[in-house]
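Notes for the structure review
For reference, the chains in residue letters:
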Amino acid sequence: KKRWEQQNRKERQAYQQQAEAERQRWQDYVDRESAIWQAHVAAVKRKWKELRFSDVRKWVGYTSDLESRFQADFENGELEIEVLGKPGEPPAVLRERAREVLKEVLQEKALPNEAPILSNQLQIDPAAGKIPAAYTSTSDYTSPEGKRYEKMTVRIPFRQDHMRIRAQRVLPYVQKASQKFGLNPKLIMAMIHTESSFNPKAISTFRRSKGRVGHAYGLMQLVPYSGGKEAHQLLGGRGEPSPALLFNPEKNVELGAAYLSKLQRQYFKSVRHPQSVQYLIIAAYNTGPRNVAKAFVGKRSLPSAIPVINSMPPDQVYSRMRYNLPYHETRDYLQKVITRMELY
């Protein structure tokens, strides 16, 4: 027994040391990335009056000299390219630079074996090798640091069915994950639609406790230190999933489905009606399962909330959450997902 206890203690200490080393490596990575990002933001502020960075619906990128940038708006369906040139620079020169930016953007892929992100999305034929003059405009521009430029803005509309095209690309991943975890594929598709408009580059920023900042990544907007971590560990990973992993569309959908499955099979396993469970996991995906409990018993206690939930028919469960969930965002999120399921 003594030898077993000694061995057990050694193994526990080794595991704790390894876990601490992994945590420190992750923190070092976060610190390095944060420093690089802050330097980038400071440089952009010197060049551009209106700051633009990627968010949940928009994908933004800059050239290395920061004198050209693009913004793909996946919600409103428009690609905008801005190019800064010398005062009086001919439109043909600026248009050629914009074309080079467009060429680079159209080659960007979320995964090596996938079609480019903006493939078959725009109303122009990229193979034609030119940007129609009707999509361009020029103006004088003075940067925040006082330097004068000639600015060309290019606005290229997306195809009307751009959302459907992106949804079709994601569908195989959704079908695979829904089968693996026993989930309704319509539910996952509607959640991706609501979370990111099928933008694989989606990233959102939010305030955490004690003034800290958190981020959610990818199609299903997973947060590395909460739902993302739970899903990652459920699939055999250790620690938190990296942003690079969460920007991988196939892995993101798998992790999002894994977290939904955990919500269903662990947090709400005692809820009797399947339709009620569906409402609950949608809301919990957005706000966390214990915040969902507050809609029913006024406190973050699932053991207290489950009997109350089981005493209600599904339509009453839905109604209670629509009007009593702690956050307005989650109330709207629940309604949007349920409505959008009919689209798929």
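Our subject in this report is the structure included herewith.

Brief notes about the packing of aromatic side chains
We describe a pair of aromatic rings using the distance from one ring centre to the other and the angle between the two ring planes. A complete count under the given rule lists 10 aromatic pairs for this structure. Taking 6.3 Å as the distance between ring centres and 45° as the angle between the ring planes, the aromatic pair formed by Phe-53 and Tyr-62 counts as tilted. For Phe-53, a relative accessible area of 23% puts it in the partly exposed group. We classify Tyr-62 as buried; its relative accessible area is 19%. These aromatic residues form a ring-pair network of at least three members: Trp-37, Phe-53 and Tyr-62. Stacked on the ring of Trp-48, the Lys or Arg Arg-69 has its end atom at 4.0 Å from the ring centre.

So, the pattern of salt bridges
Overall, the coordinates contain 17 salt bridges when judged by the stated rule. As a salt-bridge pair, Glu-82 and Arg-69 come within 2.7 Å of each other at their nearest N and O atoms. Note that Glu-82 is positioned in strand E3 (residues 78-85) and Arg-69 in strand E2 (residues 68-73), a separation of 13 residues in sequence. Residue Arg-164 is joined to Asp-161 by a salt bridge in which the shortest nitrogen-to-oxygen separation is 2.6 Å. Owing to a relative accessible area of 44%, Arg-164 belongs among the partly exposed residues under this scheme. Linked through salt bridges whose partners overlap, the residues forming this network are Glu-50, Arg-52, Arg-69, Glu-80, Glu-82, Lys-151 and Arg-155.

Re the nonpolar core
The biggest cluster of nonpolar side chains holds 57 residues, and the ones touching the most others in it are Phe-268, Phe-296 and Met-321. Elements that contribute at least two residues to this core include exactly helix H3 (162-181), helix H4 (185-196), helix H7 (249-267), helix H8 (274-287), helix H9 (289-297), helix H10 (302-310), helix H11 (314-324) and helix H12 (328-340). The contacts of Phe-268, once residues within four sequence positions are left out, are Leu-263, Val-277, Leu-280, Ile-281, Ala-284, Pro-289, Val-292, Leu-302 and Ile-306.

Describing H12
Residue pairs three or four apart in sequence face the same way in an α-helix, which turns once every 3.6 residues. The first and last C-alpha atoms of H12 sit 18 Å apart over 13 residues, in line with the 18 Å expected at 1.5 Å per residue. Of all the residues in H12, the buried ones are Thr-330, Arg-331, Tyr-333, Leu-334 and Val-337. In a view along the axis of H12, the buried residues occupy a sector of 160°, so they form one face of it. Exposed and oriented more than 90 degrees from the buried face of H12 are His-328, Glu-329 and Thr-339. Residues of H12 that are buried in the fold lie against H4, H8 and H11.

What counts, and where the lines are drawn
- Each chain carries its own residue numbering, running from 1 in the written order of its sequence.
- Local features in this predicted model are restricted to residues of pLDDT 70 or higher, and side-chain atom pairs are both shown and tallied only at a pLDDT of 80 or more, whereas totals for entire chains, interfaces and linings draw on every residue.
- Hydrogens and water molecules were not included; the side-chain quantities draw on all heavy atoms of the structure.
- Geometry of aromatic contacts follows a simple scheme: Phe, Tyr and Trp rings, the Trp one being its six-membered ring, pair when their centres are within 6.5 Å, and the pair is stacked under 30 degrees between planes, edge-to-face over 60, tilted otherwise.
- Buried means the residue's accessible area, taken with a 1.4 Å probe over protein chains only, is under 20% of the maximum for its type, while exposed means over 50%, and partly exposed covers the values in between.
- Charges are assigned to positions over rings by a cutoff of 6 Å between ring centre and Lys NZ or Arg CZ, combined with an angular limit of 35 degrees from the ring normal.
- A side-chain nitrogen of Lys or Arg and a carboxyl oxygen of Asp or Glu constitute a salt bridge if their distance falls within 4 Å.
- Each helix is a run of DSSP H or I of at least 4 residues and each strand a run of E of at least 2, with the numbering of both proceeding from the N terminus.
- By nonpolar core is meant a set of buried Ala, Val, Leu, Ile, Met, Phe, Trp, Tyr and Cys residues that side-chain atoms within 4.5 Å join together.
- Contacts are residue-level and defined by heavy atoms, with any inter-residue pair within 4.5 Å sufficient.
- Each helix should span, by expectation, one fewer than its residue count multiplied by 1.5 Å.
- Here the arc refers to the set of directions running from the helix axis out to each C-beta atom.

By themselves, these are just geometric observations and shouldn't be taken as functional.
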